[in-house]
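Overview (structure and organization)
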Amino acid sequence: MECQELRAELGAWRQGRLAPDQRQALERHLSACAECQRWERDDRTLGRLLVERLPRYPAPAHLRVRIRAAAAARPGTLWWSAPVGAALATAMLMVLVLLPVLPRSAAPDPLQPLVRAALSQHTRSVLWGEPRPEAIPAVLPRLMRETRIELAKVFEGDDEVRLVGVEPVVVEGRWGLAFSYQDREDHALTYVILPGQGLAVPNRNRVQIDRFRPMLTQINGFSVFVWKQGPLACFLISDLVSEGDLTRFRDHFLRIRLETEPVQAP
Ligand SMILES: [Zn+2]
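As the structure is a prediction and not an experimental result, all values here were calculated from the model.

Observations concerning helix α8 (residues 243-259)
Taking 1.5 Å per residue as the helical rise, α8 with its 17 residues ought to reach 24 Å, and the 25 Å between its terminal C-alpha atoms agrees with that figure. Along α8, the residues that are buried comprise F249, H252, F253, I256 and R257. For α8, the angular spread of buried residues about the axis comes to 125 degrees, placing them on one side. Across from the buried face of α8, at angles greater than 90 degrees, the exposed residues are G244 and T247. Buried residues along α8 sit against β2 (161-171), β3 (174-183), β4 (188-195), β6 (222-229) and β7 (232-238).

Digging into unusual backbone geometry
Working note: non-glycine residues mostly have negative phi, and peptide bonds are mostly trans. For D210, which is not a glycine, the phi torsion comes out positive at approximately 55 degrees. You can see D210 is positioned in the loop between β4 and β5 (215-219). Exposure remark for D210: the 10 C-beta atoms within 10 Å place this residue in the exposed category. Here N220, not a glycine, exhibits a phi torsion of approximately 50 degrees, which is positive.

Here we look at the pairing of β7
Counting buried residues in β7 gives seven out of seven residues, a clear majority hidden from the surface. Residue alternation in β7 divides its side chains into two sets, L232, C234, L236 and S238 and A233, F235 and I237, and both sets are buried. Sheet analysis places β4 next to β7, joined by seven bridges and oriented antiparallel. Note that in β7 the partner of P195 across the bridge is L232. As judged from the seven bridges shared by β6 and β7, these two strands associate in the antiparallel manner. Along β7, the bridge assignment pairs V226 with F235.

Notes on the environment of L189
Locating L189 in the fold gives a position in strand β4. Filtering out sequence-adjacent residues up to four positions away, L189 remains in contact with Y181, D183, L236, I237, S238 and H252.

Some remarks on the sheet that holds β3
The sheet built from six strands is open, its strands ordered β2-β3-β4-β7-β6-β5 with antiparallel pairing. Each of the sheet's edge strands pairs with one partner strand only, and the pair in question is β2 and β5. In this sheet, adjacent strand axes meet at a mean angle of 20 degrees when their direction is disregarded.

A closer look at the nonpolar core
In terms of nonpolar packing, the biggest core is built from 39 residues, with L114, V224, F235 and L236 touching the most fellow members. Within the residue set of this core, elements represented by two or more residues are α6 (112-128), β2, β3, β4, β5, β6, β7 and α8.

A short note on the packing of helix α1 (residues 3-14) against helix α2 (residues 20-32)
Relative orientation of the contacting elements α1 and α2 amounts to 120 degrees, with a least axis distance of 11 Å. Taken together, the axes of α1 and α2 lie oblique to each other. Crossing handedness for the pair α1 and α2: left-handed. Residues L6, E9 and W13 of α1 touch α2, and the partners they reach there are Q22, R23, L26, H29 and L30.

The rules we used
Residues numbered from 1 in each chain as written. Predicted model: local features only at pLDDT ≥ 70, side-chain atom pairs only at ≥ 80, totals over all residues. Helix = DSSP H or I, 4+ residues; strand = E, 2+ residues; numbered from the N terminus. Expected span 1.5 Å × (residues − 1). Buried ≥ 20, exposed ≤ 12 C-beta atoms within 10 Å, placed from the backbone. Arc of directions from axis to C-beta. Contact = placed C-beta atoms within 7 Å. Pairing = 2+ DSSP bridges. Axes fitted to C-alpha atoms, helices over the stretch in contact; angles between N-to-C directions. Core = buried A, V, L, I, M, F, W, Y, C linked by C-beta atoms within 7 Å. Parallel < 35°, antiparallel > 145°, perpendicular 65-115°, else oblique. Left-handed = near helix turned anticlockwise from the far one by under 90°.

By themselves, these observations are geometric and do not establish any function.
Dropping the structure here:
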């Protein structure tokens, strides 16, 4: 068995789905190949981190009722309406609650890669980011110099939301800053600031929040606010998608928007 093949079959092997001769071939290779042993170890660690760190929220009661009603109305069309284990049913509800509630809206072209990049920064920091709020005062001035994004002030958190980290990001050749926040219910928020030359935020999907009108879009089950602030393009991402959660997300936007004042260095 080649390394490539082993890596492709790892999942099946772990779940005991390989034929006996295939299993033996895989285990023979694994016991002799240090590279694949490392691969297997990393793969297991990633699986564990996903389970431990990916936030999950129980579906609100009204949503559970709607899902049950939908399943009952269409017997046989949803495979999980058949008797399934309680854990599996709960897992399904957890997945369903992450589906977008707003109408799907594609971000406009020049913005789209940036929205996607901001989203991947968000998932990366949720999965891998180590909260290090104590390091921020030392790190931030250097990051501002290096990314040439200066902040006259930055939202440092309050009773509802706390600042837990800051990182440099590079998106489509634009250097920027990504701030990580956490709200009181442990929802993660990522605030990405990039140089905004040549980027315009389209007029559709705008929401009025106080005196601001950011665009609100949903992508892959996440909510994203997009707005321009002076010469900068700003993105705020979270998994707050349901109607009640969006109210909270709007509040988060407002406190961050009011308290963060970026200025681009000349
Ligand atoms: Zn190998």
